[in-house]
Amino acid sequence: MIIKGAMVCDANGEQRGDVRIEKGKIVAVERSIMPKSSEEVLGADNLILLPGAIDLNTRVSNSILSKENLLKLSCKAALGGISQAVLIPDCKPTSSSELGLELLHALKDEFKAQILGISDAVNVENPKSLNELAILHKKGAKGIFAKSNIDGNLLRLANLH
């Protein structure tokens, strides 16, 4: 599928252009894309397109991390134009636990929008806490839920462990 002629707003700024989507994923964003012979084309003149928008603050229904809730969240995100949703780790089990990360990983191919787990804030002074954080990141956690001024330092310290 190609979305043609939209005002595309992304990390590169705003420009009139086309977006190619294959198997539910954005594969190209260019000024002009020639459609393949059997490719569906949607005209988007006078429309704004935000390909790959990211929602940095998502939660699951009833604060319960389950297959059903994750798939529902993924569908709602995709329908709203979100390609990546960052799941806040305040659910049961938490999205930053090994169990939560395993569930996210097991479902990743079923998601309409990518859902990312992040780690809970940790005590920088506690080496055990940093080690646990490093393990979670090796298992797929994508960030840290903490004050922004300590985010980068925590990630650097955890990656040293």
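Criteria and thresholds
Residues numbered from 1 in each chain as written. Predicted model: local features only at pLDDT ≥ 70, side-chain atom pairs only at ≥ 80, totals over all residues. Heavy atoms only, no water. Pairing = 2+ DSSP bridges. Helix = DSSP H or I, 4+ residues; strand = E, 2+ residues; numbered from the N terminus. Axes fitted to C-alpha atoms, helices over the stretch in contact; angles between N-to-C directions. Contact = heavy atoms within 4.5 Å. Core = buried A, V, L, I, M, F, W, Y, C linked by side-chain atoms within 4.5 Å. Buried < 20%, exposed > 50% of the residue type's maximum accessible area, 1.4 Å probe, protein only. 1 Å grid on protein atoms, 1.4 Å probe; cavity = no way out; pocket = protein on both sides within 12 Å on 5 of 7 lines; lining within 4 Å. Points joined across faces, edges and corners; volume = space filled by probe spheres on them. Nonpolar A, V, L, I, M, F, W, Y, C, P; charged D, E, K, R; others polar. Polar contact = N/O pair within 3.5 Å; in protein donor to acceptor, adjacent residues only side chain to side chain.

**Looking at the sheet that holds strand β7 (residues 82-87)**
Taken together, three strands build an open sheet; the order of strands is β6-β7-β8 and the sheet is parallel. Every interior strand has two partners, whereas the edge strands, β6 (53-58) and β8 (114-117), have only one. In this sheet, adjacent strand axes meet at a mean angle of 25° when their direction is disregarded. Two strands pair when backbone bridges link them, and β7 and β8 are joined in this way by four bridges, in the parallel orientation. Bridge assignment links L87 to a residue of β8, and that residue is G117. Seen against the sheet, helix α1 (residues 67-79) touches β6, β7 and β8 and runs at an angle of roughly 140° to β7.

**Some remarks on the nonpolar core**
Judged by nonpolar contacts, the single largest core of 15 residues is most densely connected at V60, L65, L70, L87, L104, F111 and I115. Among the elements of the structure, α1, β7 and α2 (98-107) are those that each provide at least two residues to this core. Judged by nonpolar contacts, the second largest core, of six residues, contains I3, V8, A44 and L49.

**What to know about the layout of surface pockets**
One way to see where empty space is left: roll a probe the size of a water molecule over the atoms. Of the pockets and cavities examined, the largest pocket occupies roughly 910 Å³. Lining the largest pocket are 33 residues; nearest its centre among them are K25, S83, K112, A113 and Q114. Broken down by secondary-structure element, the contributors of at least two residues to the lining of the largest pocket are β2 (13-22), β3 (25-30), α1, β7, α2 and β8. Counting residues per element, the lining of the largest pocket draws most heavily on β8, at four residues. Taken together, the residues that form the lining of the largest pocket break down as 17 nonpolar, nine polar and seven charged.

**Structural notes on the pairing of β3**
Where β2 and β3 come together, five bridges link them in antiparallel fashion. Residue pairing for β3: R20 is matched across the bridge by A28. Linking β2 back to β3 in an antiparallel pair, the connection comprises two residues, with K23 at a positive phi of about 55°.

**Things to note about unusual backbone geometry**
In the segment running from K92 into P93, the intervening peptide bond is cis, with an omega of -15°. Tracing the chain through its elements places P93 in the loop between β7 and α2. In this model, N46 sits at a positive phi of 65°, which is unusual for a non-glycine residue. Along the chain, the position of N46 falls in the loop between β4 (41-43) and β5 (48-49). Classification of N46 as exposed rests on a relative accessible area of 74%. You will see that S63, though not glycine, has its phi angle at about 55°, which is positive. The class of S63 is partly exposed, set by a relative accessible area of 36%.

**Here's the deal with the side chain of D18**
Mapped onto the fold, D18 is located in strand β2. Of the polar contacts made by the side chain of D18, one reaches the side chain of K4; its length is 2.4 Å. Among the polar contacts made by the side chain of D18, one reaches the main-chain amide nitrogen of I33 at a distance of 2.9 Å.

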